[in-house]
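Here is what each chain is made of, one letter per residue.
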Amino acid sequence: MENRLIITKYSEQYYPPTPNNFTLFLRRSIFFQLIRFFILNYKIMKIVIKGHS
Amino acid sequence: MANIVVLGAGVAGHTAAAYLQKGLNKKEHKITVISPTPTYQWIPSNIWVGVGRMTPEEIKFDLRPLYNKWGIEFIQAKAQSFYPEGDEHINTGFVEVEYTNEENKGEKIKIAYDYLINATGPKLNFEATEGLIPGNGNIASVCTFGHASHAWELFQEKLDKMKNGENQIFVIGTGHPTATCQGAAFEYILNVDFEIKRRGLEKQAQVIWITNEYELGDFGMGGAFIPKGGFISNTKLFAESYFVERNITWIKRAGVKKLDDHTIYYENLDGEYLEQPYDFAMLIPGFAGHGFKAYDKTGKDISDKLFAPNGLMKVDADYTPKPFEEWTIKDWPETYQNPSYHNIFAPGIAFAPPHSISKPMTSKNGTPIFASAPRTGMPSGIMGKVTADNIINWIKTGNATMIHKASMGRMGAACIVSAGYGMRKGTAATMTVSPVVPDWEKFPQWGRDIKTTMGEPGLAGHWLKWLMHYMFLYKAKGLPFWWMIPE
Ligand SMILES: Cc1cc2nc3c(=O)[nH]c(=O)nc-3n(C[C@H](O)[C@H](O)[C@H](O)COP(=O)(O)OP(=O)(O)OC[C@H]3O[C@@H](n4cnc5c(N)ncnc54)[C@H](O)[C@@H]3O)c2cc1C
């Protein structure tokens, strides 16, 4: 990671946020993702239903 | 008896045909689908074919048995010219089509209609970029299952080279200064990167994103604002963060003009002409209409009445040229009905958008370099259904009022951006925006309903994408209760 920062200093790649270990853990955690799966489904369905008239 | 002809059996055309046969009595009315290939393909899964995670057989099926069961006539042919008023011999509108099946290849016939749905999608305009020929040298595409299957072969060659210690440069993105469909290229670059890392070959690979977007995350819809971590941030941050996390670098504001076997030549918004070496390129071509011609009853060319200059079909959009600052959602069509011939409709990518969604930009040399308006699967499916519903209503009541509407300025869209395949290790970003075209009058701060707009990376996204693959193929195959699955 340090390497990347040295190489990219002052380039576009230097500035964007990168996820920390906790965020990466949540993105991969089966338990947390299972909950998110149902929430995401619900949010998508809300949009889908609104789109049809 | 009404005679309905559907051109194209993709997302919009097949959806329209499915709802037409469900809503109409087939003993009374005739439905015909005309398409150059007898297969339906679930295009979004081409991404996985292109990295060897699925075979073309898993993403396509033969439409003929289904259409037989549904009482729909299928003609394997491609439409060429439109005669909306008929001609001196035929009194109703008709289309001239050319057979593409083995037995009658090249033979032309006239197909009369009372209602015509033009759902022929885009012409993949590879010719508009010199040297952009999928299958040629180091150039791949994932726009069709055939292209994606070749992309996987080429990718394997490159993986083998890397295993033997050779360095390889992968350049993925847009292959024309005004190309669209950035989302598909974005998915492919993330999947290519995922597969390289899964094999531990990242030291040999340089992965580069090249795009005509002004900023990353524009995706041809002017970007979007998403609430995340206590902030409302732009999809620019989201896309850049995704790349930085994976060590993917990017070239933005780039209009690709030409490719040879090892170099991509592009112009940027600053007017510089630059070169990018590559060993593997997957660049989305420009999209255009199919070059259809239209004639009136006397044989006079009236193509400009049916089609916009880019060859896509004119519908109920407001095509008056106006500056970006004056664009509103009212410019966008609601019924996909042709203004000159009310019995002709163009849902999906086949309709000519009134303008782009992203702000048009021009390089210092006058070259337009920006993302054209995307029309993804979900809106295309909804447009197909709304078109079918309006035609059914028209036939059943005799009332030509279009009661069903679906404007991209009102409907939302969900897009799952795959970033790696696997039930435990896979990942995808679930993105939703509502509406697709920002409505700055209704949502003056963010252009869209911030409560329903999201971008969330994680394993759950992969499960969703995987589920959608099977769900949408189930629906397309017309299996029991298919109509309960939304578009
Ligand atoms: C690689 C890739 C990945 C994608 N991923 C996603 C995604 O994850 N989510 C999403 O929402 N969207 C995605 N899209 C976009 C989505 O595939 C399109 O929005 C959708 O296919 C458009 O539907 P359509 O019916 O307008 O056109 P198409 O699906 O292209 O269908 C056009 C049909 O017309 C037929 N046709 C062509 N010429 C003629 C002719 N002359 N006469 C008669 N028929 C003709 C074609 O054979 C085809 O059957 C992706 C696109 C690509 C290329």
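Just so we're clear, the structure is a prediction, and the values are computed from it rather than from any experiment.

1. Topic: the overall build of chain A
Along chain A, the regular secondary structure elements total three helices and zero strands. What you see in chain A, going N to C, is helices and strands ordered as α-α-α. In chain A, which comprises 53 residues, the share counted as buried stands at 30%. When the accessible surface of chain A is totalled, it reaches about 3900 Å², and 68% of it is carbon and sulfur.

2. As for the interface of chain A and chain B
Across the boundary between the two partners, chain A contributes 26 residues, which contact 41 residues of chain B. Summing both sides of the interface, chain A and chain B together bury roughly 2900 Å²; the carbon and sulfur share of this comes to 66%. When the area that chain A buries against chain B is broken down by residue, the three leading residues are Arg27(A), Ile44(A) and Ile47(A), summing to 20%. Residues Glu245(B) and Arg27(A) are paired through a salt bridge, measuring 3.1 Å at the closest nitrogen-oxygen approach. Linking chain A with chain B are eight residue pairs in polar contact (both at pLDDT 80 or more). Those elements giving two or more residues to the side of chain A that touches chain B turn out to be α2 (21-28) and α3 (30-51) of chain A. Counting residues per element, the side of chain A that touches chain B draws most heavily on α3(A), at 14 residues. Its residues assigned to classes, the side of chain A that touches chain B shows twelve nonpolar, seven polar and seven charged.

3. A few points about unusual backbone geometry
Residues and elements named next belong to chain B. Ser434 connects to Pro435 through a cis peptide bond whose omega is -5°. With respect to the secondary-structure elements, Pro435 resides in the loop between β24 (427-433) and β25 (454-458). The phi dihedral of Cys181 falls on the positive side, at around 70°, and the residue is not glycine. Among the structural elements, Cys181 can be located in the loop between β11 (168-174) and α6 (182-198). Looking at Cys181, the relative accessible area reads 29%, which means it is partly exposed. Located in the positive-phi region is Arg253, a residue other than glycine, with phi close to 55°. When you line up the elements, Arg253 lands in the loop between β15 (249-251) and β16 (254-259).

4. Re the site of the ligand
Residues and elements named next belong to chain B. With respect to spatial proximity, 33 residues lie near the ligand, and among them Ala12, Ala79, Ile349, Arg375 and Gly377 are the closest. Between a nitrogen atom of the ligand and a main-chain N or O atom of Gly8, the distance comes to 3.5 Å. Arg375 is positioned with one of its backbone polar atoms (N or O) 2.6 Å from an oxygen atom of the ligand. Taken by itself the ligand offers 1000 Å² of open surface, and the protein chains cover 88% of this. Listing elements by their share of the shell around the ligand, those giving two or more residues are α1 (11-23), β2 (30-35), β5 (73-83), α6 and α9 (377-397). Broken down by element, the residue count for the shell around the ligand peaks at three residues, all from α9. For the shell around the ligand, the class distribution of residues is 19 nonpolar, ten polar and four charged.

5. Things to note about empty space enclosed by the protein
Using a probe with the size of a water molecule, rolled over the atoms, empty space left in the structure can be pinpointed. Residue and element names in this part refer to chain B. Tallying each qualifying case throughout the model produces one cavity of 30 Å³ or more. In terms of lining residues, the largest cavity is bounded by Asn118, Thr120, Gly121, Gly289, His290, Phe292, Phe307, Gly311, Leu312, Met313 and Ala350. Its residues placed into classes, the lining of the largest cavity shows five nonpolar, six polar and no charged.

6. What to know about the packing of α6(B) against helix α7 (residues 235-246) of chain B
A pair of packed helices is characterised by two quantities: the angle between their axes and the separation of those axes. Residue and element names in this part refer to chain B. Look at α6 against α7: their axes get within 11 Å of each other, and the N-to-C directions meet at 20°. Considering the angle they form, α6 stands roughly parallel to α7. α6 and α7 meet at a crossing whose hand is left-handed. Seen from α6, the contacting residues are Phe186, Ile189, Leu190, Asp193 and Lys197; seen from α7, they are Ala239, Tyr242, Phe243 and Arg246. Split into classes, the residues belonging to the contact of α6 with α7 amount to six nonpolar, no polar and three charged.

7. Details of a positive patch on the surface
Residues Lys43(A), Lys46(A), Lys50(A), Lys228(B), Lys442(B) and Lys451(B) make up a contiguous surface patch of positive charge. Ranked by the residues each element gives to the positive patch, the list is headed by α3(A), at three residues. The exposure class assigned to Lys442(B) is exposed, which follows from its relative accessible area of 60%.

8. A short note on the sheet that holds strand β17 (residues 263-268) of chain B
Residue and element names in this part refer to chain B. Sheet architecture is open: three strands sit in the order β16-β17-β18, paired in antiparallel fashion. The open sheet has two edge strands with one neighbour each: β16 and β18 (273-277). Pairwise comparison of adjacent strand axes, ignoring direction, gives a mean angle of 35° for this sheet.

9. A few points about the pairing of β18(B)
All names here are of chain B. Of the pairings in the sheet, the one linking β17 to β18 comprises five bridges and is antiparallel in character. The residue of β18 that forms the bridge with Tyr266 is Leu274. Where β17 folds back onto β18 in an antiparallel hairpin, the turn is made up of four residues, including Gly271, whose phi is positive at roughly 85°.

10. Topic: the side chain of Asn393(B)
Locating Asn393(B) in the fold gives a position in helix α9. Residues within four places of Asn393(B) in sequence aside, it is in contact with Gly398(B), Asn399(B), Thr401(B) and Ile403(B).

11. Quick look at the pattern of salt bridges
All names here are of chain B. Evaluation of the coordinates by the stated rule reveals 28 salt bridges over all chains. The partner of Lys60 in a salt bridge is Glu57, and the shortest N-O contact between them spans 3.8 Å. Classification of Lys60 by relative accessible area gives partly exposed; the value is 23%. Between Lys385 and Asp389 there is a salt bridge, with the nearest N and O atoms lying 3.1 Å from each other. Separated by four residues within a single helix, Lys385 and Asp389 lie in helix α9, roughly one turn from each other. Owing to a relative accessible area of 16%, Asp389 belongs among the buried residues under this scheme.

12. With respect to the packing of α1(B) against α9(B)
Residues and elements named next belong to chain B. At a minimum axis separation of 8 Å, α1 and α9 run at an interaxial angle of 35°. Of the two possible hands of crossing, α1 and α9 adopt the one that is right-handed. Counted together, Val11, Ala12, Thr15, Ala16, Tyr19, Leu20 and Gly23 of α1 and Gly377, Ser380, Gly381, Gly384, Lys385, Ala388, Ile391, Ile392 and Lys396 of α9 form the full contact between these two elements. Of the residues assigned to the contact of α1 with α9, the class counts are eight nonpolar, six polar and two charged.

Criteria and cut-off values
Residues numbered from 1 in each chain as written. Chains lettered and ligands numbered in written order. Predicted model: local features only at pLDDT ≥ 70, side-chain atom pairs only at ≥ 80, totals over all residues. Heavy atoms only, no water. Helix = DSSP H or I, 4+ residues; strand = E, 2+ residues; numbered from the N terminus. Buried < 20%, exposed > 50% of the residue type's maximum accessible area, 1.4 Å probe, protein only. Areas by Shrake-Rupley, 256 points an atom, 1.4 Å probe, with all protein chains shown as cover. Contact = heavy atoms within 4.5 Å. Buried area = accessible area lost by both parts, 1.4 Å probe. Salt bridge = Lys/Arg side-chain N within 4 Å of Asp/Glu carboxyl O. Polar contact = N/O pair within 3.5 Å; in protein donor to acceptor, adjacent residues only side chain to side chain. Nonpolar A, V, L, I, M, F, W, Y, C, P; charged D, E, K, R; others polar. Near = heavy atom within 4 Å. 1 Å grid on protein atoms, 1.4 Å probe; cavity = no way out; pocket = protein on both sides within 12 Å on 5 of 7 lines; lining within 4 Å. Points joined across faces, edges and corners; volume = space filled by probe spheres on them. Axes fitted to C-alpha atoms, helices over the stretch in contact; angles between N-to-C directions. Parallel < 35°, antiparallel > 145°, perpendicular 65-115°, else oblique. Left-handed = near helix turned anticlockwise from the far one by under 90°. Patch = residues over 30% accessible without salt bridge, like charges linked within 9 Å, V, L, I, M, F, W, Y side chains within 5 Å. Lys, Arg positive; Asp, Glu negative; His and termini not counted. Charge placed at Lys NZ, Arg CZ, Asp CG, Glu CD. Pairing = 2+ DSSP bridges.

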